[in-house]
Amino acid sequence: MKKTKILFNRVKIKDKTFPYVLKRRRGSRSVKLSVYADGRFVVTAPRWYPIYIIQKFIEEKSEWIFEKLKNFDFEIIARQSADKKDDYQKLKETARTLVKCKLEFFNRHYNFRYNRVAIRSQRSCWGSCSQKKNLNFNYRIIHLEEELQNYLIVHELCHLQELNHGDDFWQLVSQTTPNYKKLKKQLRTVKFL
Ligand SMILES: [Zn+2]
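Attention here is on the structure that accompanies the text. These numbers come from a predicted model, not from an experiment.

1. Regarding the overall build of the protein
The helix and strand tally for the protein stands at six helices and seven strands. Helices (α) and strands (β) of the protein occur, in sequence order from the N terminus, as β-β-β-β-α-α-α-β-β-β-α-α-α. In terms of overall size, the protein is more extended than a compact globule, its C-alpha atoms giving a radius of gyration of 21 Å where 193 residues would be expected to give roughly 16 Å. Seen through its principal axes, the protein has C-alpha atoms that stretch 60 × 35 × 30 Å. In the protein, buried positions account for 37% of the 193 residues. Taking the intrachain contacts of the protein between residues at least 6 apart in sequence as the baseline, contacts between residues at least 24 apart amount to 47%.

2. A few points about the pattern of salt bridges
Applying the stated criterion across every chain, the model contains six salt bridges. A salt bridge links Glu 67 to Lys 70, with the shortest nitrogen-to-oxygen separation between them at 2.9 Å. Since its relative accessible area comes to 44%, Glu 67 is described here as partly exposed. Of the charged contacts, one joins Glu 147 and Lys 182 as a salt bridge, the two residues approaching to 4.0 Å between their closest N and O atoms. Taken together, the residues Glu 147 in helix H4 (residues 146-159) and Lys 182 in helix H6 (residues 180-188) connect sequence positions 35 residues apart.

3. Looking at a positive patch on the surface
A cluster of basic side chains, namely Lys 181, Lys 184, Lys 185 and Arg 188, defines a positive patch on the protein surface. Along the polypeptide, Lys 185 turns up in helix H6. On the basis of relative accessibility, which here comes to 59%, the residue Lys 185 falls in the exposed class.

4. With respect to the sheet that holds strand S2 (residues 16-25)
Taken in spatial order, the four strands of this open sheet run S1-S2-S4-S3, and their pairing is mixed. Among the strands making up the open sheet, the edge pair consists of strand S1 (4-13) and strand S3 (32-35). Taking each pair of neighbouring strands and ignoring which way they run, the sheet shows an average axis angle of 25°. Relative to strand S4 (residues 41-46), S2 runs parallel, the two being bridged by five bridges. Paired with Arg 25 across the bridge in S4 is Pro 46. Sheet contacts for helix H1 (residues 51-60): S1, S2, S3 and S4; angle to S2, the most-contacted strand, approximately 130°.

5. Some remarks on the sheet that holds strand S7 (residues 135-138)
Spatially, the three strands line up as an open sheet ordered S5-S7-S6, and their pairing is mixed. Because the sheet does not close on itself, it has two edges, and the strands there are strand S5 (117-120) and strand S6 (127-129). Strand-to-strand, the axes of this sheet are offset by a mean angle of 15°, without reference to chain direction. Pairing of S5 with S7, which is carried by four bridges, proceeds in the parallel orientation. Residue Arg 120 lies in a different strand from S7, and its bridge partner there is Asn 138.

6. Quick look at the packing of aromatic side chains
Tallying each qualifying case throughout the model produces eight aromatic pairs. Seen from their ring centres, Phe 105 and Phe 106 are 5.1 Å apart, and the 90° between their planes marks the pair as edge-to-face. Ring geometry for Tyr 110 against Phe 112: centres 5.4 Å apart, planes inclined by 20°, an arrangement best described as stacked. This pair shows no difference in class: Tyr 110 is buried, exactly as Phe 112 is. We note Arg 40 situated over the ring of Tyr 36; from NZ or CZ to the ring centre the distance is 4.3 Å.

7. Focus: the coordination of the zinc ion
Reference geometry at the metal: tetrahedral coordination by four donors gives ideal angles of 109.5 degrees; octahedral coordination by six donors gives 90 or 180 degrees. For the zinc ion, the protein coordination sphere consists of His 155 (NE2), His 159 (NE2) and His 165 (NE2), at 2.0 to 2.1 Å. Of the residues examined, His 165 reaches a relative accessible area of 48% and is grouped as partly exposed.

About the cut-offs
- Residues numbered from 1 in each chain as written.
- Predicted model: local features only at pLDDT ≥ 70, side-chain atom pairs only at ≥ 80, totals over all residues.
- Heavy atoms only, no water.
- Helix = DSSP H or I, 4+ residues; strand = E, 2+ residues; numbered from the N terminus.
- Rg over C-alpha atoms; globule rule 2.2 N^0.38 Å.
- Buried < 20%, exposed > 50% of the residue type's maximum accessible area, 1.4 Å probe, protein only.
- Contact = heavy atoms within 4.5 Å.
- Salt bridge = Lys/Arg side-chain N within 4 Å of Asp/Glu carboxyl O.
- Patch = residues over 30% accessible without salt bridge, like charges linked within 9 Å, V, L, I, M, F, W, Y side chains within 5 Å.
- Areas by Shrake-Rupley, 256 points an atom, 1.4 Å probe, with all protein chains shown as cover.
- Lys, Arg positive; Asp, Glu negative; His and termini not counted.
- Charge placed at Lys NZ, Arg CZ, Asp CG, Glu CD.
- Pairing = 2+ DSSP bridges.
- Axes fitted to C-alpha atoms, helices over the stretch in contact; angles between N-to-C directions.
- Phe/Tyr/Trp six-rings, centres within 6.5 Å; stacked < 30°, edge-to-face > 60°.
- Lys NZ or Arg CZ within 6 Å of the ring centre and 35° of its normal.
- Donors = N, O, S within 2.8 Å, 3.2 Å for Na, K, Ca; no water.

Written out as structure tokens, the structure reads:
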């Protein structure tokens, strides 16, 4: 079973409707409410909480929510997220070409065997390598500067040999990317949009 269940909900406050994301988490113990600067409104609640308790909690904070979100145009936000989907459709193939090129280039050094290369749009992950030796990359790789792109490629390539992040893994990475520590840190500061 998944740890988190995500639902899209709406709440009406003073005749205005605000969309929010409800995350039902198995591990969480209380209701948490976050409103972000870009208008995202997220409620996290324990998996077993009845919905009326969550609604009551939102109601109690409704004045605060309203103040934070009253100036947002949620139609514009919906359109922007449609643009983001577009971004993926448009850039997916470019990303695929770039990834394949770079994989080939760095694999001249490593000489590992891999199967499928997939380009995905994820919000939480830059890349992954499966036990079946399939490689996945986030299409947003093309928004990164080249040094970070190369690091990502090398990182996933080296997982073909070492699935975990042990010393042997980093030793492999350092063969082509001696400054990997700096790049690893740098990549952590890049936000997904
Ligand atoms: Zn890794």
